[in-house]
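# Coordinate analysis (summary)
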Amino acid sequence: ASSGELSVGANYFHTDGFNANDTYQAGFTDIEGWSLLNVDVGWKNIAGSGIDVSAFVNNLLKEKYSFLISNTFPLGYNSRTPGTPRTYGATVRVHF
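Note that this is a predicted model, so its numbers are computed, not measured. (Residues numbered from 1 in each chain as written. Predicted model: local features only at pLDDT ≥ 70, side-chain atom pairs only at ≥ 80, totals over all residues. Heavy atoms only, no water.)

### Concerning the overall build of the protein
- Summing up its helical and strand segments, the protein has zero helices and eight strands in all.
- Listing each helix as α and each strand as β along the protein from the N terminus yields β-β-β-β-β-β-β-β.
- Its C-alpha atoms give the protein a radius of gyration of 20 Å, clearly above 12 Å, the size a compact globule of 96 residues would have.
- A principal-axis box enclosing the C-alpha atoms of the protein has dimensions of 65 × 20 × 20 Å.
- Split into buried and exposed, the 96 residues of the protein put 19% on the buried side. (Helix = DSSP H or I, 4+ residues; strand = E, 2+ residues; numbered from the N terminus. Rg over C-alpha atoms; globule rule 2.2 N^0.38 Å. Buried < 20%, exposed > 50% of the residue type's maximum accessible area, 1.4 Å probe, protein only.)

### Comments concerning the sheet that holds strand 1 (residues 5-15)
- Spatial strand order, 1-4-5-8: four strands in an open sheet with antiparallel pairing. Of all the strands in the sheet, just strand 1 and strand 8 (87-94) have a single pairing partner and so form its edges. Averaged over all neighbouring strand pairs, the angle between strand axes comes to 10°, with direction disregarded. (Pairing = 2+ DSSP bridges. Axes fitted to C-alpha atoms, helices over the stretch in contact; angles between N-to-C directions.)

### Looking at the environment of Ala90
- Mapped onto the elements, Ala90 comes out in strand 8.
- Of the residues examined, Ala90 reaches a relative accessible area of 66% and is grouped as exposed.
- Placed 66 residues apart in sequence, Ala90 and Tyr24 show a C-alpha to C-alpha distance of 42 Å.
- Once you skip the residues sitting within four places of it in the chain, Ala90 turns out to touch Ser54, Ala55 and Phe56. (Contact = heavy atoms within 4.5 Å.)

### Regarding the side chain of Asn59
- Along the polypeptide, Asn59 turns up in the loop between strand 5 (51-58) and strand 6 (66-70).
- Since its relative accessible area comes to 3%, Asn59 is described here as buried.

Here it is, written out as structure tokens:
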């Protein structure tokens, strides 16, 4: 009997800093660059049982970043949308 099929994966995403608004305001509309590392692991048909298990972690390194700034500068403040925090999950699948 087969022990199953193991898979391991990772992806890396990087973006440089940029101006997040159509009107540049130094220090207010600048978005700093960020990098994200996501990983996953899976085990299919564990020991020939027909059961698959997989897990993932996104933003493994807990990078804190903003990816959007709303145009509220005329009101005296800026509004930033934070990036997704670390997330994780798992799946169990039974084939029958």
